[in-house]
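# Report on the structure
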Amino acid sequence: MKCLPLLAGMLAALLAACATQGGSVSAAALAHLERAEEREREGDLALARTELELAKRQGLGVGRLHDRGTRLEFALATAELEPFRGLFDELSAALERRDHELAARLVLRADALRPRGAAAHKLTAFRNILDGRRTAEALGVRLAAEPTGAEGEYRVTLHARHELALTVRLRCPGSALKFLSLGVNEAGIESRARRRVLTDALADLEIESGRDVEVVLGTYYVPARGLVVARGRWTLSTLGGTIELGERVLPANSFVAAGCEVVRLDPRLPSSAVEPAEFARYVERGAPSLPALLERAGRLAPERRDEALDLATPALARYLPEELERIAPALRWLCGLDEPPLDARGWKAWLEARGSRARDPARPALDLPSAERQS
């Protein structure tokens, strides 16, 4: 029984100590917050930011002190960002255009102005986006499709290699491999097949400097029997993730591997490539035979399809609606759209819009990262 008073005394002393410690913390937080508010009113943003960070480190709780801290944080962030808004707009636009050389110069220009607080956080986000993209480009991640030996069957693999000094690790879970096959017969009737498969190929992929990495993604069939031309196309993209480069963790959102495509022609047709100018000349002649037009479209090198459309557009602009309807299978083959126009009016509008974009490319929408978000 004698130990009960001793135990009660120890408990009371402990509670008193906790209360005293808690009170001192609140007093310190309040003192720092008040000094931060005063420095902000005086226009000394650097010292105000320092005092606010000290107050947050002490703990502002969830009551009035927290609300005051939140209001001050917003005021400071607005003031810190204001001198950089124009520069950050340029930087965001450069990244949207993937003009990485200009983006790098703008990052250096902003860094020379010694941003603080929210501006420093936003510049770090921009720098990480730029470095993440450059690292992704250096990895050379691409897809390849090789025939297996079975008729129409292809083995699809992912390849990566880099010459950076450090080992790179990709952590992009939930990657999606998309497959589209398209075939057209002599009458212009199309057959399409789509497949989307989730893969963990990039979920935890280590790529050492100077070493080739290959990951098998699966086998696919590209049908061609009874068709003038057929193709299979594969693309791999991620919904998000990171790139680890040494101690740095960089964003890898919307990371896209270089896709691949295979084309199968009717074995009775020549296998040599057709020049875009030859396709355009046939369009200018009115494309009297749809199978012949499809043959020329199918024998174009994939990377020159846009060139063929550019050369053929003046003649296509003179086509009557029924003529556009007739050659629409060739246009669908060349345009590469997942959802091509449905009728002659749609094709005419698409061709006009395409010509307008070529003459006057629109400025991309801006996408400024927040201080917390990296994309």
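This write-up is about the structure you can find in this document. (Residues numbered from 1 in each chain as written. Predicted model: local features only at pLDDT ≥ 70, side-chain atom pairs only at ≥ 80, totals over all residues. Heavy atoms only, no water.)

Of regular secondary structure, the protein chain possesses eleven helices and eleven strands. A burial count over the protein chain gives 40% of its 375 residues as buried. Counting only contacts in the protein chain whose residues sit at least 6 apart along the sequence, the fraction spanning at least 24 positions is 71%. Carbon together with sulfur atoms contributes 54% to the accessible area of the protein chain, which is approximately 20,900 Å² in total. (Helix = DSSP H or I, 4+ residues; strand = E, 2+ residues; numbered from the N terminus. Buried < 20%, exposed > 50% of the residue type's maximum accessible area, 1.4 Å probe, protein only. Contact = heavy atoms within 4.5 Å. Areas by Shrake-Rupley, 256 points an atom, 1.4 Å probe, with all protein chains shown as cover.)

The next thing to look at is helix α4 (residues 85-96). For α4, with twelve residues, the first-to-last C-alpha span of 16 Å sits near the 16 Å given by 1.5 Å per residue. Lining the buried residues of α4 we find α3 (64-81), α5 (100-112) and α6 (117-139). Positive backbone phi, approximately 60°, marks Arg98, located one or two places after α4. (Expected span 1.5 Å × (residues − 1).)

Let us look at unusual backbone geometry. Phi at Arg98 is positive, roughly 60°, even though this residue is not glycine. By secondary structure assignment, the location of Arg98 is in the loop between α4 and α5. Unlike most non-glycine residues, Arg114 shows phi in positive territory, near 55°. If you trace the backbone, Arg114 turns up in the loop between α5 and α6.

Moving on: the packing of α5 against α6. When two helices pack together, their arrangement is given by the angle between the helix axes and by the axis-to-axis distance. Relative to each other, α5 and α6 sit at 150°, their axes nearing to 10 Å. In terms of axis orientation, α5 runs roughly antiparallel to α6. The handedness of the crossing between α5 and α6 comes out as left-handed. Residues His100, Ala103, Ala104, Val107, Ala110 and Asp111 of α5 form the contact with α6, whose participating residues are Leu123, Arg127, Leu130, Arg133, Arg134 and Glu137. For the contact of α5 with α6, a count of residues per class yields six nonpolar, one polar and five charged. (Axes fitted to C-alpha atoms, helices over the stretch in contact; angles between N-to-C directions. Parallel < 35°, antiparallel > 145°, perpendicular 65-115°, else oblique. Left-handed = near helix turned anticlockwise from the far one by under 90°. Nonpolar A, V, L, I, M, F, W, Y, C, P; charged D, E, K, R; others polar.)

All told, the structure shown has 34 salt bridges when counted by the stated rule. Note that Arg171 and Asp204 form a salt bridge whose closest N and O atoms lie 3.5 Å from each other. Within this pair, whereas Arg171 is found in strand β3 (residues 168-171), its partner Asp204 is found in the loop between β5 (190-199) and β6 (205-207), the two being separated by 33 residues in sequence. According to the relative accessible area criterion, Asp204 is partly exposed, its value standing at 44%. (Salt bridge = Lys/Arg side-chain N within 4 Å of Asp/Glu carboxyl O.)

Before going further, it helps to spend a moment on α6. Over its 23 residues, α6 runs 33 Å from end to end, which matches the ideal 33 Å to within 8%, given 1.5 Å per residue. Of the residues one or two after α6, Gly140 is the one with positive phi, at around 60°.

Ranked by size, the top nonpolar core spans 34 residues in total, and within it Phe279, Val283, Leu293 and Leu316 carry the most contacts. At the level of elements, β4 (175-184), α7 (276-284), α8 (290-298), α9 (305-316), α10 (321-335) and α11 (344-359) are the ones that each hand at least two residues to this core. With eight residues, α10 is the single largest residue contributor to this core. Ignoring sequence-local partners within four residues, the contact set of Leu293 consists of Phe279, Tyr282, Val283, Ala287, Ile327 and Ala330. With 32 residues, the next largest nonpolar core counts Leu143, Ala145, Cys172 and Leu245 among its residues. (Core = buried A, V, L, I, M, F, W, Y, C linked by side-chain atoms within 4.5 Å.)

In this structure, Arg318 sits in the loop between α9 and α10. Among the residues examined, Arg318 registers a relative accessible area of 60% and is labelled exposed. Distance from Arg318 to Glu284, taken between C-alpha atoms, is 9.4 Å for residues 34 residues apart in sequence. Among the polar contacts listed, one links the side chain of Arg318 to the backbone oxygen of Pro314, at a separation of 3.3 Å. (Polar contact = N/O pair within 3.5 Å; in protein donor to acceptor, adjacent residues only side chain to side chain.)

A few words now on the layout of surface pockets. Over the atoms rolls a probe the size of a water molecule, and its path tells where empty space is left. Space inside the second largest pocket adds up to approximately 210 Å³. Every residue lining the second largest pocket is listed: Lys178, Phe179, Leu180, Arg194, Arg195, Arg233, Thr235, Gly336 and Asp338. At the level of secondary structure, the elements contributing two or more residues to the lining of the second largest pocket comprise β4, β5 and β8 (229-237). Ranked by residues supplied to the lining of the second largest pocket, first place goes to β4 with three residues. In terms of residue class, the lining of the second largest pocket is made up of two nonpolar, two polar and five charged. (1 Å grid on protein atoms, 1.4 Å probe; cavity = no way out; pocket = protein on both sides within 12 Å on 5 of 7 lines; lining within 4 Å. Points joined across faces, edges and corners; volume = space filled by probe spheres on them.)

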